Amino acid sequence: MTALSAPPNSAQDSERSLQDLIQSQRAFFATGKTKPLDFRLEQLNKLKSAITERQDAIIQAAQDDLGRPEFEGYFEIGVTAELSYVLKKLKSWVKPQKVGIPLSQMPGSAWVQPEPLGCVLIIGPWNYPFQLVISPLIGAIAAGNCAIIKPSEIAPATSKVVAELIESTFDPSYVAVREGGVETAQALLAEKFDHIFFTGGTRVGQIVMEAAAKQLTPVTLELGGKSPCIIDSDINVEVAAKRVVWGKYLNAGQTCVAPDYLLVHQDIKSDFVKALQQVIQDAYGDNPAQSSDFSRLVSDRQFDRVASLIEGEEVITGGQTDRGDKFIAPTVLDSVSWDAPVMQDEIFGPILPVLEYQDIDDAIAQINARPKPLALYLFSRSQSLQEKVLSSTSSGGVCINDVFLHVAIWGMPFGGVGDSGIGAYHGKTSFDTFSHMKSILKKPFWLDLDWRYPPYAKKLDFFKKIVSLS
Ligand code: NAD
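Note that this is a predicted model, so its numbers are computed, not measured.

Undergrad: Run through the overall build of the protein, naming residues and quoting values.
TA: When its secondary structure is counted, the protein shows 16 helices and 18 strands. Principal-axis analysis of the C-alpha atoms places the extent of the protein at approximately 80 × 80 × 40 Å. Within the protein, the proportion of its 470 residues that are buried is 51%. Accessible area for the protein stands at about 22100 Å²; split by element, carbon and sulfur atoms hold 54% of it.

Put into structure tokens, the structure is as follows:
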């Protein structure tokens, strides 16, 4: 009699294959092959070549997923600049860092040795769907880890390009991709990793952190928020308007560090709003739906959410929508109140609410009454105002007299604070994020003073002296 075979169960099969994949990465990590500097540099160079070879496909995928103009699609390739930076610096980062020791510990030597964490998980969003999984991967590889990437299912063309690139460049027991949606993310989160790097919304960030807590896995959460943009009266109106319009409407406002709303000084508001209208007209023409330089919303769901924020507001530019094309025109809303629906959550679309302030202290108080944003922008020539805003607000990062560009300086950490994120990355900070900084103290045998050993009688005074001298 032949035994009946168990009916196929694809959920179980895929759980097993995921566990097999993680096992194979753990086995590869245990060989120590990911650790030498030469190996890391070789893999980073391979990644760089693979991206360069697929440049057109990556830009095309951003166009398919988000209707991105080629120019903005090229932002995804910006990770090669980070790769060049890391390739140049990595040799100095992997070196042990010598640390001075107190008198009470002498003789001896102390140092901090960065070591890789092991197998890490990277979960990405859809808005810059290539860059936001590859940039953390650069850090993971630089620090000597194995990695599994889960790109966003909402940007399927890019997800496919990421999978193809990784599969043809790396052995899966070193770096692998798992494509899929929420279920795939949840299956991954049920496993034990040595670090989880998540980029996405605050709500899902909470889910990720909860899952990570069950495995005691450390997390980096790169989240979003409403990034304010303060426009003082002492500015170059035309330049400021151009910079704001560029940072707000690129990728149709679907940028985590886009200026979410404007707080404009009342003395300049009317001039500034006119300048915004003119710049939008110059950039996207009479009919932005026809402009080849303006992206689309990523999905019907995002379209419905963002379009609903215009309802009931005073539209002074834009406002046109086309659901079939997932198009929302670059829109400016005037005289918006803090209680309006558009002021409750991150907009993440091409709508720019304008609020007015008279007294900067009131504007700062309003900002500080809300969750800490990912970015804060200030346009002002006044040094004292710059200092005041910097010292009395908290945000992931700040850019003065421009927007967005602070995130592309590889020597600076990029990350949120409070509700806008936990931890940071880019350049050396990515290396640190994916490393454990191991503290090491080495002592010789030749001197072994008796003062710390029991019996303690008559030794306390000497102990106190040593401590006070240290
Ligand atoms: P999201 O949180 O909806 O999705 C991000 C990832 O999480 C996707 O891969 C998705 O499959 C997965 N996911 C979704 N629901 C899940 C669940 N219930 N359990 C487990 N995984 C789940 O974010 P999004 O819509 O792709 O991206 C938009 C958000 O990301 C915005 O808030 C934006 O500000 C933020 N963001 C932040 C940064 C940053 O660097 N700080 C960069 C880009 C985007």
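Having seen it, we continue.
Undergrad: Could you give me a rundown of the domain arrangement of the protein, with the residues and numbers involved?
TA: Per the domain assignment, the segments of the protein are domain 1 (11-223 + 424-437) and domain 2 (228-415). On a C-alpha basis, the centres of domain 1 and domain 2 stand 31 Å from each other. Contacts between domain 1 and domain 2 engage 23 residues on the former and 23 residues on the latter. With both chains or domains summed, domain 1 and domain 2 bury close to 1900 Å², and 58% of this area falls on carbon and sulfur atoms. Counting across the domain 1 and domain 2 interface gives 0 salt bridges. Residues that form the side of domain 1 that touches domain 2 fall into these classes: 11 nonpolar, 6 polar and 6 charged.

Undergrad: Before we move on, can you summarise empty space enclosed by the protein with the specific residues and values?
TA: Applying the stated criterion to the full structure yields 2 cavities of 30 Å³ or more. When its volume is computed, the largest cavity comes out at roughly 50 Å³. Considering only residue class, the lining of the largest cavity consists of 4 nonpolar, 4 polar and 3 charged. If you add up the space inside the second largest cavity, you get close to 40 Å³. Residue lining of the second largest cavity: Leu132, Thr199, Glu222, Leu223, Cys256, Leu374, Phe414 and Tyr425, and that is the complete set. Among the residues making up the lining of the second largest cavity, the classes are represented as 6 nonpolar, 1 polar and 1 charged. Both of domain 1 (11-223 + 424-437) and domain 2 (228-415) provide at least three residues apiece to the lining of the second largest cavity.

Undergrad: Please set out the site of the ligand residue by residue, giving values where relevant.
TA: Neighbouring the ligand are 27 residues, the closest being Gly124, Lys150, Glu153, Leu223 and Glu346. Within the side chain of Lys150, a nitrogen or oxygen atom sits 2.7 Å from an oxygen atom of the ligand. In this structure, Glu153 approaches the ligand through a side-chain N or O atom, which is 2.7 Å from an oxygen atom. Within the complex, the protein chains bury 90% of what would otherwise be the 850 Å² of accessible surface of the ligand. Those elements that provide at least two residues to the shell around the ligand are helix H8 (182-189), strand S6 (195-199) and helix H9 (202-215). Considering each element in turn, the shell around the ligand owes the most residues, 4 residues, to H8. Looking at side-chain class alone, the shell around the ligand contains 15 nonpolar, 8 polar and 4 charged residues. Residues from two domains meet in the shell around the ligand; each of domain 1 (11-223 + 424-437) and domain 2 (228-415) gives at least three.

Undergrad: I'd love a proper account of the environment of Val332, names of residues and values included.
TA: In this structure, Val332 sits in strand S13 (residues 331-334). A relative accessible area of 1% means that Val332 is categorised as buried. Not counting residues up to four positions away in its chain, the partners in contact with Val332 are Tyr249, Leu276, Ile280, Glu314, Val315, Ile316, Thr317, Leu352 and Val354.

Undergrad: Let's hear about the pattern of salt bridges: which residues, and what values?
TA: If charged atoms from side chains of opposite charge come close, those side chains can pair. In this structure the tally under the stated criterion is 16 salt bridges. For Lys388, the salt bridge is made with Asp361, and the minimal N-O distance between the two is 2.8 Å. Placement of the pair is Lys388 in helix H14 (residues 383-392) and Asp361 in helix H13 (residues 360-368), with a sequence separation of 27 residues. A network of salt bridges, in which partner residues are shared, links Glu53, Arg54 and Glu164.

Undergrad: Give me the packing of aromatic side chains: which residues, what numbers.
TA: Under the counting rule described, the total for this entry stands at 20 aromatic pairs. A centroid spacing of 5.3 Å and a plane angle of 70° characterise the contact between Trp126 and Phe348, whose relative ring orientation is edge-to-face. One end of the pair, Trp126, is in the loop between strand S3 (119-123) and helix H6 (131-142); the other, Phe348, is in the loop between S13 and strand S14 (351-357), with 222 residues separating them in the sequence. Summarising the burial analysis for this pair, Trp126 and Phe348 share the class buried. When the ring of Phe294 is compared with that of Phe327, the centres are 6.0 Å apart and the planes differ by 80°; the resulting orientation is edge-to-face. Here Phe327 lies in strand S12 (residues 327-328) and Phe294 lies in the loop between helix H11 (269-284) and helix H12 (300-308), a separation of 33 residues in the sequence. Across this residue pair, the class does not change: Phe294 and Phe327 are buried. An aromatic cluster of at least three residues, connected via ring pairs, comprises Phe28, Phe39, Phe170 and Tyr174.

Undergrad: With reference to specific residues and values, describe helix H2 (residues 37-53).
TA: Between its terminal C-alpha atoms H2 stretches 24 Å, which fits the 24 Å expected from 17 residues at 1.5 Å a residue. Those residues of H2 not exposed but buried are Phe39, Arg40, Gln43, Leu44, Leu47, Ala50 and Ile51. Projected down its long axis, H2 shows its buried positions confined to an angular sector of 130°, all on one face. Residues Asp38 and Glu53 are exposed on H2 and point more than 90 degrees away from its buried face.

Parameters at a glance
Residues numbered from 1 in each chain as written. Predicted model: local features only at pLDDT ≥ 70, side-chain atom pairs only at ≥ 80, totals over all residues. Heavy atoms only, no water. Helix = DSSP H or I, 4+ residues; strand = E, 2+ residues; numbered from the N terminus. Buried < 20%, exposed > 50% of the residue type's maximum accessible area, 1.4 Å probe, protein only. Areas by Shrake-Rupley, 256 points an atom, 1.4 Å probe, with all protein chains shown as cover. Domains from an automatic or database assignment. Contact = heavy atoms within 4.5 Å. Buried area = accessible area lost by both parts, 1.4 Å probe. Salt bridge = Lys/Arg side-chain N within 4 Å of Asp/Glu carboxyl O. Nonpolar A, V, L, I, M, F, W, Y, C, P; charged D, E, K, R; others polar. 1 Å grid on protein atoms, 1.4 Å probe; cavity = no way out; pocket = protein on both sides within 12 Å on 5 of 7 lines; lining within 4 Å. Points joined across faces, edges and corners; volume = space filled by probe spheres on them. Near = heavy atom within 4 Å. Polar contact = N/O pair within 3.5 Å; in protein donor to acceptor, adjacent residues only side chain to side chain. Phe/Tyr/Trp six-rings, centres within 6.5 Å; stacked < 30°, edge-to-face > 60°. Expected span 1.5 Å × (residues − 1). Arc of directions from axis to C-beta.

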